[in-house]
Amino acid sequence: MNKYVKKFLCIGMAAGLIATSFSGCAKINYVFQEGAIRAIHEIKDGSWQNQGGEDGVGDDDPIVIDELKPGTYGGVDFQTLDDVANYYKEAYNYTKSLTAEYVDDQGNTVNFYKLLGDETMELGDVMIDGSANAVVNKLVPGIMGSMFKPTPYGLPPCNNRNPDLDNNSEDVKKVNDHDFRTTDVTGEDILAANVTDNGDGTITLEIQPKGVKMALRGDDAQGRFFQVLGDIGGVVSDIDAVSFTQGTADENVTVFYKGGTAKVKIDTATKEVVEADYTMISNISVTHASIAVIKDKSASLIITYKNHYPASDEFLQTSKGITRK
């Protein structure tokens, strides 16, 4: 089973919530089956990185941050987006090479990433045929609160706070093996970026990745910066109550990612990330869905998912019973 999809049951269930809401029902009952990412590479026919047409995120991928002003920041020269990507890559790789001792909830000493972060999630209104459903939207916070259990992880994308397990090489069919202890980010992944000299031996990189449709962790611009959802179409296809008047779940369930940002503070003396904030914005869309007598409906939901590093001692303790030594 895709460990990432399982961990983000709450995020993945948003598609189920959208579809189930057509009948005004807030009761969601489905399971993740083996091979949750089985269809993504069929959807991506080589045009997944394009910015226009049906296989991209449309022509509207606006820049939401300041753009790079070439110059020297904290003694580091940044002339191009490639320079930003390369420095981010060095800092990411070095930071994820660092571990620290923690005490787990069993009293055992364990080695996890030195830099662990927290996570929060915000769900927008469930829009059905373009209109918000007040009854359903009142139910969303309760459903999210009961299913979303924040967990500390390393810098995204990440599969586990234990570096030895931070990969997805055991995923079914191994369609996108990655070692998340390093990143393959390049300047081609970045839509815009800027750099700030903080005047204290650190610089801050602010990066906006290019928009992507149906992203996979480690495989594309969004998947190299965020904990993207993966095959949400495969998840919905496992909901027995949902059918489609035309096409399949893979054809009718899409996720567009754009407008998200990564803001990373780096110690220039060591190239260690000392603080970071990642904000992923995803728009889930379902079309031609039916439940019982409710036929051929469309719906959408925007999810804003955030990670902050470092996580507080309180978050580590309350979420997983972890204590820093």
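Scroll up a little and you will see the structure.
The structure displayed is predicted, hence computed values, not measured ones.

Colleague: What should I look at first to understand the pattern of salt bridges in this one?
Modeller: Where charged atoms from two side chains of opposite charge come close, those side chains can pair. Under the criterion given, the structure shown has ten salt bridges. The shortest N-O distance in the salt bridge between R224 and D189 comes to 2.9 Å. Of the two residues, R224 sits in the loop between β10 (212-213) and α6 (232-236) while D189 sits in the loop between α5 (134-147) and β8 (190-197), which places them 35 residues apart along the sequence. Residue classification places R224 among the buried positions, given a relative accessible area of 12%. Judged by its relative accessible area of 3%, D189 is buried.

Colleague: I would appreciate a short explanation of the nonpolar core in the present structure.
Modeller: Nonpolar side chains in soluble globular proteins tend to be buried together. Ranked by size, the top nonpolar core spans 54 residues in total, and within it F78, V84, Y88, L205 and Y278 carry the most contacts. Looking at this core, the element that brings in the most residues is strand β14 (residues 272-291), giving seven residues. Other than its neighbours up to four places away in sequence, Y88 contacts P156, V185, L205, I207, F225, V264 and Y278. By size, the runner-up hydrophobic cluster in this structure holds eleven residues, among which are Y113, C158, A311 and F315.

Colleague: Would you explain the packing of aromatic side chains in this entry?
Modeller: To describe a pair of aromatic rings, you give the distance between the ring centres and the angle between the ring planes. Per the counting criterion, the structure on display carries seven aromatic pairs. Centre to centre, the rings of Y88 and F225 are 5.2 Å apart; their planes meet at 40°, and the pair counts as tilted. A residue pair is termed long-range when its members are at least 10 positions apart, and Y88 in helix α4 (residues 81-95) and F225 in the loop between β10 and α6 qualify at 137 residues. Assessed through its relative accessible area of 0%, F225 is described here as buried. Geometrically, the ring pair formed by Y278 and Y309 is edge-to-face, given 6.0 Å between the ring centres and 80° between the ring planes. Taken together, the positions of Y278 in strand β14 and Y309 in strand β15 (residues 294-309) put the pair 31 residues apart, joining distant regions of the chain. Overall, Y309 belongs to the buried group, its relative accessible area being 1%. In this structure an aromatic cluster arises from ring pairing among Y88, Y92, F225 and F226. Directly above the ring of F112 sits R161, whose terminal nitrogen or CZ lies 5.5 Å from the centroid.

Criteria and thresholds
- Residues numbered from 1 in each chain as written.
- Predicted model: local features only at pLDDT ≥ 70, side-chain atom pairs only at ≥ 80, totals over all residues.
- Heavy atoms only, no water.
- Salt bridge = Lys/Arg side-chain N within 4 Å of Asp/Glu carboxyl O.
- Helix = DSSP H or I, 4+ residues; strand = E, 2+ residues; numbered from the N terminus.
- Buried < 20%, exposed > 50% of the residue type's maximum accessible area, 1.4 Å probe, protein only.
- Core = buried A, V, L, I, M, F, W, Y, C linked by side-chain atoms within 4.5 Å.
- Contact = heavy atoms within 4.5 Å.
- Phe/Tyr/Trp six-rings, centres within 6.5 Å; stacked < 30°, edge-to-face > 60°.
- Lys NZ or Arg CZ within 6 Å of the ring centre and 35° of its normal.

Read these as layout, nothing more, since geometry by itself doesn't imply function.
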